[in-house]
Amino acid sequence: SDAGAGYVFVRSAAVWSQEAYLKASNTDPDDAFGSSVSLSGDTAAIAAPGEDSSATGVDGDGSGNGAGGSGAAYVFTRSAGAWSEAAYVKAINTGTSDGFGASLA
């Protein structure tokens, strides 16, 4: 529960439709994925401030839960209408309860 998700909607003329359902590559309960989002063209940064891995930097091993609430941001890109995760981003000094990614711009 509370793992979170992102939904991408597009408008064609006056009709809105769902284009994508986005999840983190290492989804866990209470990650709060999607609590903050920043968009620029075909790129979306999506925060998960409750994410728990002790990974650092970009594309580290997010499989463990050694730093509870340290947080992460995920970068997704769109190509030909398909969204895919392009990067998993953590602070370089990951720490418990940091909430990294709580705000994105």
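Residues numbered from 1 in each chain as written. Predicted model: local features only at pLDDT ≥ 70, side-chain atom pairs only at ≥ 80, totals over all residues. Heavy atoms only, no water.

### Focus on the sheet that holds strand 4 (residues 43–48)
- In spatial order, the strands read 3-4-5-6; together these four strands make up an open sheet with antiparallel pairing. Strands at the two margins of the open sheet, each flanked by one partner only, are strand 3 (37–40) and strand 6 (82–89). Here the strands of the sheet are splayed against their neighbours by 20° on average, with no regard to which way each runs.
- Direction of pairing for strand 4 relative to strand 5 (residues 72–79): antiparallel, over a ladder of six bridges. Bridge pairing links A44 to F76 in strand 5. (Pairing = 2+ DSSP bridges. Helix = DSSP H or I, 4+ residues; strand = E, 2+ residues; numbered from the N terminus. Axes fitted to C-alpha atoms, helices over the stretch in contact; angles between N-to-C directions.)

### Side note on the side chain of K90
- Tracing the sequence through the fold places K90 in the segment after strand 6.
- Within the structure, K90 has its side chain in polar contact with the side chain of S70 (distance 2.7 Å).
- Side-chain polar atoms of K90 contact the backbone oxygen of G71, separated by 2.8 Å.
- Beyond its immediate stretch of four places on either side in the chain, K90 contacts E51, S53, A55, T56, G57, S70, G71, A72 and F100. (Polar contact = N/O pair within 3.5 Å; in protein donor to acceptor, adjacent residues only side chain to side chain. Contact = heavy atoms within 4.5 Å.)

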